[in-house]
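For reference, the chains in residue letters:
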Amino acid sequence: MTSQQQRRQYLIDYLQTERVNELHVKPEPIPDDEAGQRRLLHRLFNLREPVPASRQFIKIQDEYLDHLIHEKPIIQKADLTAIRPKIYLWRGDLTQLAVAAIVNPANSRMLGCFIPNHHCLDNQIHTKAGIQLRLADQQAMGDETVEAVGNAKITPGFNLPAANVIHTVGPVIIHQVTPLRRDLLAKSYRSCMTLATKKGLSEIAFCCISTGEFRFPHDLAAQIAIKTVTDFLRDQPQAPDVIFAVNNETDYELYQQSLERKRS
Amino acid sequence: MKKRGDYLFVDEENGTYTISLTPELQDDIGTVGYVEFKNDDDVAKGDPIAKLEASKTVLDVPAPLSGKVVAKNTKLEDDPKLLNSANDNENWLVKLTDVDESAFDALKNA
């Protein structure tokens, strides 16, 4: 039986060899401790271009990620309680949700985060989905090299508990929030809802789009998210259930206050 | 007659509607480095008419009105800076016809 340690070792060796052969970079020394090895593997996943890998690599990677994901609880929609009809609010790790689709806050290249060990959600999603996701992103992009802000594309979730990933590029705030950028944030939510509805998905879990690296203010982003989704659900009864999956207390409180206020 | 919608100017003359960027939009997106026109000539309001890769964002410019694209300023493909020009003869994006006049009338005056 192969251990997680052996799988990790295999994956690190494979990816380092690839880098030696393709990019002529010296392999990094493999740390002795498990945490160091995990970080190194994570880093190698992040740096990898969208190119195919061997069948053996995919098999071992998929086993490795399956174990990794099962280190933490996997959450289903049935584990959550609706805060309003068709709307759920949940605080936790979006990548652990076993739902029809999670929303990835992508950048304009739409290939996932290439910054090694970066803390952004795009990075976590791509790392845990496996190398197949970046290849699927590339396929979804076709001839395009950049995606416009506010659009959405769908790919499978691969090793993630979620069946699909809906990728959208939210607006970046540069100096101040302008009306255009508010509209573009709303457009991102609408594009994701439209795509999920068209695909007949049963539920979609949103992160707080644009509020991380893209610096959109949390309170205004929450208002736009709730308003856009609520309007969409009112107009399209066949739309999927919505989970607002936040990862911090500030956002949780903002959403909770706003959703509970609207209900009364 | 010139009106505005979706951060764009819509300038009507003899049934042709010329679309260009408002100064607010130019400021918001920054310097445009690349312009790519969409292929569809029959556009509904909100459909993308061109993708602008600018310094501060990548923007799909939505059609401010439904209509038919009868001209594209393809000079922008080689020289996107023209979008920021003060000269109305060179800063336009597309020209539309077959526009519903009441939809145009409903836009704000520029």
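Residues numbered from 1 in each chain as written. Chains lettered and ligands numbered in written order. Predicted model: local features only at pLDDT ≥ 70, side-chain atom pairs only at ≥ 80, totals over all residues. Heavy atoms only, no water.

A. The arrangement of the interface of chain B and chain A in detail. Each partner contributes residues to the interface: chain B has 11 residues there, and chain A has 16 residues. Interface of chain B and chain A: buried area, both sides summed, is about 1200 Å²; carbon and sulfur atoms make up 52% of it. The largest contributions to the chain B side of the interface with chain A come from Tyr7, Asp28 and Val58 of chain B, which together make up 44% of the buried area. Where chain B packs against chain A, one counts two salt bridges. For the pair chain B and chain A, the interface holds 10 residue pairs in polar contact (both at pLDDT 80 or more). Among the secondary structure elements, those contributing two or more residues to the side of chain B that touches chain A are α1 (23-29), β6 (48-54) and β7 (58-62) of chain B. (Contact = heavy atoms within 4.5 Å. Buried area = accessible area lost by both parts, 1.4 Å probe. Salt bridge = Lys/Arg side-chain N within 4 Å of Asp/Glu carboxyl O. Polar contact = N/O pair within 3.5 Å; in protein donor to acceptor, adjacent residues only side chain to side chain. Helix = DSSP H or I, 4+ residues; strand = E, 2+ residues; numbered from the N terminus.)

B. Structural detail: the nonpolar core. All names here are of chain A. Ranked by internal contacts, the top residues of the largest apolar core, which has 55 residues, are Leu97, Ile102, Ile166, Phe206, Phe244 and Tyr255. Broken down by element, this core gets its largest block of residues, nine residues, from helix α7 (residues 218-235). Residues contacting Phe206, with those up to four places away along its chain left out, are Val103, Tyr189, Cys192, Met193, Val229, Val242, Ile243, Phe244 and Ala245. (Core = buried A, V, L, I, M, F, W, Y, C linked by side-chain atoms within 4.5 Å. Buried < 20%, exposed > 50% of the residue type's maximum accessible area, 1.4 Å probe, protein only.)

C. Broad picture of the packing of aromatic side chains. For the structure shown, the criterion picks out six aromatic pairs over all chains. Counting every residue linked through ring pairs, the aromatic cluster contains Tyr189, Phe206, Phe244 and Tyr255 of chain A. Taking NZ or CZ as reference, Lys3 of chain B lies 5.9 Å from the ring centre of Phe104 of chain B, over its face. The ring centre of Trp92 of chain B lies 4.5 Å from the NZ or CZ of Lys95 of chain B, which sits over that ring. (Phe/Tyr/Trp six-rings, centres within 6.5 Å; stacked < 30°, edge-to-face > 60°. Lys NZ or Arg CZ within 6 Å of the ring centre and 35° of its normal.)

D. Examining the pattern of salt bridges more closely. Residue and element names in this part refer to chain A. Counted under the stated rule, the structure contains 25 salt bridges over all chains. When the shortest N-O distance is used, the salt bridge between Asp93 and Lys72 registers 2.7 Å. A residue pair is termed long-range when its members are at least 10 positions apart, and Asp93 in the loop between β3 (87-91) and β4 (97-98) and Lys72 in the loop between α3 (55-69) and β1 (75-76) qualify at 21 residues. Residue classification places Lys72 among the partly exposed residues on the basis of a relative accessible area of 41%. It is possible to trace a salt-bridge network through shared partners that takes in Arg8, Glu34, Arg38 and Glu71.

Purely geometric numbers; function is a separate question.
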